[in-house]
Amino acid sequence: MSVTTTCNRLLQALSLDDLGRLLPHLERVNVHKGEVLIHQGQPLEFTYFPEGGLSSNLAVTSDGRKIEVGCFGFEGMVSTAAVLGSDRASHDILVQVGAPWLRVRTDVLVEATQASSTLQGVLLRYVQFQILTLSHSALANGAYRMRERLARWLLMAHDRLEGDDLALTHEFLSLMLGVQRSGVTLAIQEVEGLGLIRATRGHLKLLDRDGLLALAGDSYGFPEAEYERLIGPFRGEAPPHFS
């Protein structure tokens, strides 16, 4: 079935002419929880524009250690390396919550950006957002306590998922925060004790977003505000998937 519309917000930010350059070449695929869609250093055959769900960019060492350096959902794309002229993936891409995605051959996307400075401009502004997110991850890891880092990450997940129930295990959270599961458990217990979340096996329910915002402090918010300034609406319920 041909793609005639999209609920990816980055694509929605394009002009009709620029979107028209991509729509005939887009195809819909489903990605699933736990899937590593792209490995660091792998050739970029496709570029993806998620319709929903939640995925992570993971930096990986030669001995297999991993840490999240960014997350994305229906507001973004992967891999931004293609926009910057690279033909190799910069990170592992791990799916945390599955959803439909759109994909386009990377050579088609590169050709389209070369033909349209406005298309290239929107995608480069998204690269800027990703850089800001990465810098604030470094800030959070170096200057904030574990419970504050957890609050930031829960807010980032909440931005990208529908509803207040997050299907996130302690194992995933330990990978995202770069700590052992015992450390995640203690942080969850602290944040739950503040009445901000409710934890059950494999799920976290957000009870007080404003409280999480206060707890996260300046570790969260600036990159998200820049997305809205540079590209368009960020938070809120995702538009319905096309059919």
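Structure first, text after, so check above.
What you see is a predicted model; the values in this text were computed from it and never measured. (Residues numbered from 1 in each chain as written. Predicted model: local features only at pLDDT ≥ 70, side-chain atom pairs only at ≥ 80, totals over all residues. Heavy atoms only, no water.)

1. So, the overall build of the protein
- Helices and strands together make up the secondary structure of the protein, namely nine helices and ten strands.
- A compact globule built from 243 residues would reach a C-alpha radius of gyration of about 18 Å, and the protein, at 18 Å, matches this within 12%.
- Projected onto its principal axes, the C-alpha positions of the protein cover 55 × 40 × 30 Å.
- For the protein, buried positions account for 50% of its 243 residues.
- At a minimum sequence separation of 6, the contacts of the protein that also span at least 24 residues come to 73%. (Helix = DSSP H or I, 4+ residues; strand = E, 2+ residues; numbered from the N terminus. Rg over C-alpha atoms; globule rule 2.2 N^0.38 Å. Buried < 20%, exposed > 50% of the residue type's maximum accessible area, 1.4 Å probe, protein only. Contact = heavy atoms within 4.5 Å.)

2. As for the sheet that holds strand β2 (residues 36–38)
- Taken together, four strands build an open sheet; the order of strands is β2-β6-β4-β5 and the sheet is antiparallel. Pairing within the sheet leaves two strands with one partner each, and these edge strands are β2 and β5 (66–72). Here the strands of the sheet are splayed against their neighbours by 35 degrees on average, with no regard to which way each runs.
- Where strand β4 (residues 54–60) lies against strand β6 (residues 92–97), five bridges are found, and the strand directions are antiparallel. Its bridge partner lying in β6, Asn-57 is registered against Ile-93.
- Relative to the sheet, helix α4 (residues 117–143) contacts β4 and β5, its axis offset from that of β5 by approximately 135 degrees.
- Sheet strands in contact with helix α5 (residues 146–160) are β4, β5 and β6, and its direction is about 40 degrees off that of β5. (Pairing = 2+ DSSP bridges. Axes fitted to C-alpha atoms, helices over the stretch in contact; angles between N-to-C directions.)

3. Regarding the sheet that holds strand β9 (residues 197–200)
- Taken together, three strands build an open sheet; the order of strands is β8-β10-β9 and the sheet is antiparallel. Looking at strand neighbours, the two that pair on one side only are β8 (165–166) and β9, the edges of this open sheet.
- Alignment of β9 against strand β10 (residues 203–206), held across four bridges, turns out to be antiparallel. Bridge pairing in β10 places Thr-200 opposite His-203.

4. A look at the state of the cysteines
- Summed over all chains, the structure comprises zero disulfides.
- Of all cysteine sulfurs in the structure, the one in Cys-71 sits closest to Cys-7, which takes part in no disulfide; the separation is 17 Å. (Disulfide = S-S within 2.5 Å.)

5. Focus on the environment of His-203
- Tracing the chain through its elements places His-203 in strand β10.
- For the pair His-203 and Ala-167, spaced 36 residues apart in sequence, the C-alpha separation works out to 4.5 Å.
- Filtering out sequence-adjacent residues up to four positions away, His-203 remains in contact with Leu-166, Ala-167, Leu-168 and Arg-198.

6. Quick notes on the pattern of salt bridges
- Considering all chains together, one arrives at 13 salt bridges under this definition.
- Note that Asp-87 and Arg-88 form a salt bridge whose closest N and O atoms lie 3.9 Å from each other.
- For Asp-87, a relative accessible area of 52% puts it in the exposed group.
- Between Glu-190 and Arg-147 there is a salt bridge, with the nearest N and O atoms lying 3.6 Å from each other. Remark: Arg-147 occurs in helix α5 and Glu-190 occurs in helix α7 (residues 181–193); sequence separation between them is 43 residues. (Salt bridge = Lys/Arg side-chain N within 4 Å of Asp/Glu carboxyl O.)

7. Overview of the side chain of Asp-18
- By the secondary structure assignment, Asp-18 is in helix α2 (residues 16–22).
- Relative accessible area serves as the criterion here: at 4%, Asp-18 is assigned to the buried category.
- Within the structure, the side chain of Asp-18 is placed 2.6 Å from the side chain of Ser-116, a separation counted as a polar contact.
- Side-chain polar atoms of Asp-18 contact the side chain of Thr-118, separated by 2.5 Å. (Polar contact = N/O pair within 3.5 Å; in protein donor to acceptor, adjacent residues only side chain to side chain.)

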